[in-house]
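# Analysis of the macromolecular model
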Amino acid sequence: MFSLIYSAAINGIEAHLVEVETYISSGMPVFSIVGLPDVAVKESRDRVAAALKNSGFDFPSKKITVNLAPADIKKEGGIFDLSIALGILAAIGKIKKENLQRFCAVGELSLDGKIRKVKGVLPISLSLQKNKIKDFIVPFPNRQEAAVTGKANVFPFKTLIEIVKFINGEAECEPYLYDEKELSVLVEAEYDFADVKGQKNAKRASEIAAAGSHNIIMSGPPGSGKTMIAKRIPGILPLMTFDEAIETTKIWSAAGHVFSGGLMGRRTFRSPHHTTSSVALAGGGAYPKPGEVSLAHNGILFLDEFAEFRRDALEVLRQPLEDKKITVSRAKNSFVFPASFMLVAAMNPCPCGNLGHREKECVCAPLQIRKYQNKISGPLMDRIDIHIEVPALKFLELSELDNNSESSAAIRERVIKAREIQNIRFTGSDIYANAQMQAKEVKKYCVLSDKAYEILKTAIEKLNFSARSYDKILKISRTIADLDGSSTIKSHHITEAVRYRFFDRS
Ligand SMILES: Nc1ncnc2c1ncn2[C@@H]1O[C@H](COP(=O)(O)OP(=O)(O)O)[C@@H](O)[C@H]1O
Ligand SMILES: [Mg+2]
């Protein structure tokens, strides 16, 4: 009276195959599950028993032992309900157990025998191939993410009864095939730059940031449009590729999101509040979940009110900004989550917000202002290439400016061209954009004409720029030249780049 079926557990964002063994013997009627934490076991037992009875099966009044192996993988939640129920049915002869072993089944049961969606189906689907299991039984709402990888035969179901008939060969079910038309990938972003009036400088800086994947910080009074601009940056980045969409969706799937169409189709825009904890940013918890930096993978992490964030939360950003991933350490093991995002930050210029305002007066003392601006640590500021000021527009300007602002699609065309140049430049290395150049690459690719060099030298001396500005200006100029289709960095590229180091000047 033994049966075996496969299921899967999510650890961080990776899936692990789990063997669900069921053994039924005569003896006191006890239903024990080993390999799950206490709370989950109790809940699962109750759901499975009710679902079996309400699906018309007799719940065996015998000794039932279910083993979820390997024991050392942490298991969570109701994802095993379905495999446990099927295992019991096979062990009592209601399902042909020789048919059962080829399946991996995931799903939470409702008390009346319906199958509820679960998280992590995309990572599980990706992992099946590795484990040489092809047949994957999933809850109906998870069918698209299960099938999008094209690596499994996906059988979606809504009720336990249907699954039993299918496994016994009493009902047909063709594998669910992913319909490319359903693919929500490659969809346009939600917001368009065409809505932003004026603010030429900020728009241009956003274009350069997107083209070279430079992190950017905007400083300006409340209401000047910083948030509005930030929200539009995902839309000028190249559309996600299929592989990028899989990478990002995998993270979101493990965090419990199910997308219509199966894939996350847009570049993500995450804007955690400034009171966010370091754990929420980095990821963590008893069952480690990806944090904001990973949910922003392949997209934008927008930190509004940058100076108001807690110091320990901001420190979390240093590793992902450097390595494009984040390590979340737990007592026993550690997890590494992808975290490759473009950082867009916004802040007021001073505590009252009116510093530099053309009409309102700033009431802050100079010391207060300095303290406010110094709240962001040097090492963090060091990872941000582009600084700009976003001045408040006057009401009149807002109402009078024409609406012929350039669309995001038009800007994106130029960004894509500049990215293509960078792809060729960095072929064969880990770097994909100018922002990631280290000193070695800067030296190699940012060669200046004599005239351009003189201009840079004068700018640095006159404006009293710090030494670290030097490389930043070179990188930004490289991107400006790429947007210009110019292989050499010319003097006007340098002149423009100098404008985007606002904080070095003040
Ligand atoms: N350049 C602009 N063009 C059109 N609307 C703008 C512009 N700047 C500000 N607004 C309007 O003002 C509102 C507030 O802007 P917001 O981006 O929230 O400012 P901030 O983040 O700098 O405080 C926006 O929702 C928008 O309606
Ligand atoms: Mg804002």
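One structure accompanies this document, and this report is about it. Since this is a predicted model, take the numbers as computed values, not measurements. (Residues numbered from 1 in each chain as written. Chains lettered and ligands numbered in written order. Predicted model: local features only at pLDDT ≥ 70, side-chain atom pairs only at ≥ 80, totals over all residues. Heavy atoms only, no water.)

### Things to note about the site of ligand 1
Taken together, 14 residues are adjacent to ligand 1, and K197, G223, K226, T227 and M228 come closest. Here an oxygen atom of ligand 1 sits 2.7 Å away from a polar atom, N or O, in the side chain of T227. Protein contacts shield 67% of the accessible area of ligand 1, which totals 570 Å² for the unbound molecule. Ranked by residue count, the leading element in the shell around ligand 1 is helix α8 (residues 226–232), at 3 residues. (Near = heavy atom within 4 Å. Polar contact = N/O pair within 3.5 Å; in protein donor to acceptor, adjacent residues only side chain to side chain. Areas by Shrake-Rupley, 256 points an atom, 1.4 Å probe, with all protein chains shown as cover. Helix = DSSP H or I, 4+ residues; strand = E, 2+ residues; numbered from the N terminus.)

### Structural notes on the pattern of salt bridges
On inspection of all chains with the given rule, the structure shows 20 salt bridges. As a salt-bridge pair, R47 and D81 come within 2.5 Å of each other at their nearest N and O atoms. Note that R47 is positioned in helix α1 (residues 38–54) and D81 in helix α2 (residues 81–91), a separation of 34 residues in sequence. Residue classification places D81 among the buried positions, given a relative accessible area of 0%. Note that R425 and D482 form a salt bridge whose closest N and O atoms lie 2.7 Å from each other. With a gap of 57 residues between them, R425 in helix α17 (residues 408–425) and D482 in helix α20 (residues 467–483) connect regions that are remote in the sequence. Three or more residues joined by partner-sharing salt bridges are found here, namely R204, E207, E406, R414 and E496. (Salt bridge = Lys/Arg side-chain N within 4 Å of Asp/Glu carboxyl O. Buried < 20%, exposed > 50% of the residue type's maximum accessible area, 1.4 Å probe, protein only.)

### Section: empty space enclosed by the protein
As enumerated under the stated definition, the model contains 1 cavity of 30 Å³ or more in all. Estimates place the volume of the largest cavity at around 70 Å³. Lining of the largest cavity is provided by 13 residues; of these, V187, A189, P234, L239 and R267 occupy positions nearest its centre. Grouping the constituent residues of the lining of the largest cavity by class yields 7 nonpolar, 2 polar and 4 charged. (1 Å grid on protein atoms, 1.4 Å probe; cavity = no way out; pocket = protein on both sides within 12 Å on 5 of 7 lines; lining within 4 Å. Points joined across faces, edges and corners; volume = space filled by probe spheres on them. Nonpolar A, V, L, I, M, F, W, Y, C, P; charged D, E, K, R; others polar.)

### Notes on the state of the cysteines
Should the sulfur atoms of two cysteines be covalently bonded, the bond is a disulfide. The tally for this structure, following the rule as stated, stands at 0 disulfides. Summary of cysteine pairing: C104 is not part of a disulfide, and the nearest cysteine sulfur, belonging to C173, is at 15 Å. Judged by relative accessible area, which is 0%, C104 ranks as buried. Free of any disulfide, C350 has its nearest neighbouring cysteine sulfur in C362, separated by 3.7 Å. Given a relative accessible area of 0%, C350 falls into the buried group. (Disulfide = S-S within 2.5 Å.)

### Topic: the layout of surface pockets
When its volume is computed, the largest pocket comes out at roughly 660 Å³. Lining the largest pocket are 25 residues, and of these A435, Q436, M437, Q438 and K475 lie nearest its centre. Listed by contribution, the elements that provide at least two residues to the lining of the largest pocket are α13 (318–323), α18 (439–445) and α20. Here the element with the most residues in the lining of the largest pocket is α20; it accounts for 4 residues.

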